[in-house]
Amino acid sequence: MPDFVCKRYRRSAPGQDSGTVTDELRFSADSAAEAESRMRRMLPSSLGAMDWENYFATLEDEDGQVLVKWLNSWWHG
C-alpha cells in the first residue's frame, strides 16, 4: 500500500503558497483517490479551525509529489 503525507505549512508571507512545514500526518491508502477521500473526511475536524491566513496544507504521495493543495478552506487541485 502506498504512503501519503498531509503536511501543514506556515506561509512565508500573507497570501503566499510557500512556507515551512510545521507538522505532518503520514498514512497508507490503496490509491491517491482513497487518500484524498480520507483527507476530505478528516480535514473538517483537523484543519477546519486552521488559521488559513498564516497556514496552508498539502496532500503528497510517497515521492513528495503534491496531489492536492489547500490554500484556504477550499480545495486547489
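The rules we used
- Numbering of residues begins from 1 in every chain and follows the order in which that chain's sequence is written.
- With pLDDT at 70 or above as the cut-off, local features in this predicted model cover only qualifying residues; side-chain atom pairs require 80 or more to be listed or tallied, and sums for whole chains, interfaces and linings still use all residues.
- Side-chain metrics in this entry use all non-hydrogen atoms of the structure; hydrogen atoms and water are not considered.
- Under the scheme used here, helices are H or I runs from DSSP no shorter than 4 residues and strands are E runs no shorter than 2 residues, and both carry numbers assigned from the N terminus.
- Strands pair, by our definition, only if DSSP identifies at least two bridges between them.
- In this description, a line fitted to the C-alpha atoms serves as the axis of each element, helices being fitted only across the stretch in contact, and the angle between N-to-C directions of two axes falls anywhere from 0 to 180 degrees.
- Only protein chains enter the calculation, and the probe is 1.4 Å; a residue is then buried if its accessible area is under 20% of its type maximum, exposed if over 50%, and partly exposed in between.
- Residues are treated as being in contact if the distance between any of their heavy atoms lies within 4.5 Å.
- A pairing counts as a salt bridge when a side-chain nitrogen of Lys or Arg comes within 4 Å of a carboxyl oxygen of Asp or Glu.

**Q** Could you give an account of the environment of Leu 71, with specific residues and numbers?
**A** Structurally, the position occupied by Leu 71 is in the segment after strand E4 (66–70). Separated by 56 residues in the primary sequence, Leu 71 and Gly 15 place their C-alpha atoms 8.4 Å from one another.

**Q** Which residues make up the sheet that holds strand E1 (residues 3–11), and what are the values?
**A** Overall, antiparallel pairing links the 4 strands, which are arranged E2-E1-E3-E4 in an open sheet. For this open sheet the edge positions go to strand E2 (19–28) and E4, each flanked by a neighbour on one side alone. Direction aside, the axes of adjacent strands within the sheet are offset by 20° on average. Sheet topology note: the strand E3 (residues 55–61)/E4 ladder contains 4 bridges and is antiparallel. Residue Leu 59 lies in a different strand from E4, and its bridge partner there is Val 68.

**Q** Go over the pairing of E1, please, and point to the residues and values.
**A** On a regular strand, each side chain points to the face opposite its neighbour's, so the side chains alternate between the two faces of the sheet. Pairing between E1 and E2: 9 bridges, direction antiparallel. Note that in E2 the partner of Phe 4 across the bridge is Phe 27. The sheet contact formed by E1 and E3 spans 7 bridges and is antiparallel. Of the residues in E3, the one forming a bridge with Arg 8 is Ala 57.

**Q** Tell me about the side chain of Thr 58, and name the residues and values.
**A** Examined against the element boundaries, Thr 58 turns out to sit in strand E3. Taking the relative accessible area as the measure of exposure, Thr 58 reaches 2% and is therefore buried. The residues contacting Thr 58, other than those within four sequence positions of it, are Val 5, Cys 6, Lys 7, Tyr 9, Val 66, Val 68, Lys 69 and Trp 70.

**Q** Account for the pattern of salt bridges, with residues named and values stated.
**A** Scanning the model with the defined rule gives 5 salt bridges in all. Its salt-bridge partner being Glu 60, residue Lys 7 comes within 3.3 Å of it at the nearest N-O pair. On the criterion of sequence distance, the pair formed by Lys 7 in strand E1 and Glu 60 in strand E3 is long-range, its members being 53 residues apart. Accessibility assignment for this pair places Lys 7 and Glu 60 in one class, buried. A salt bridge links Arg 38 to Glu 34; its shortest N-O distance comes to 3.7 Å. Taken together, the residues Arg 38 and Glu 34, both in helix H1 (residues 32–46) and 4 residues apart, mark about one turn of the helix.

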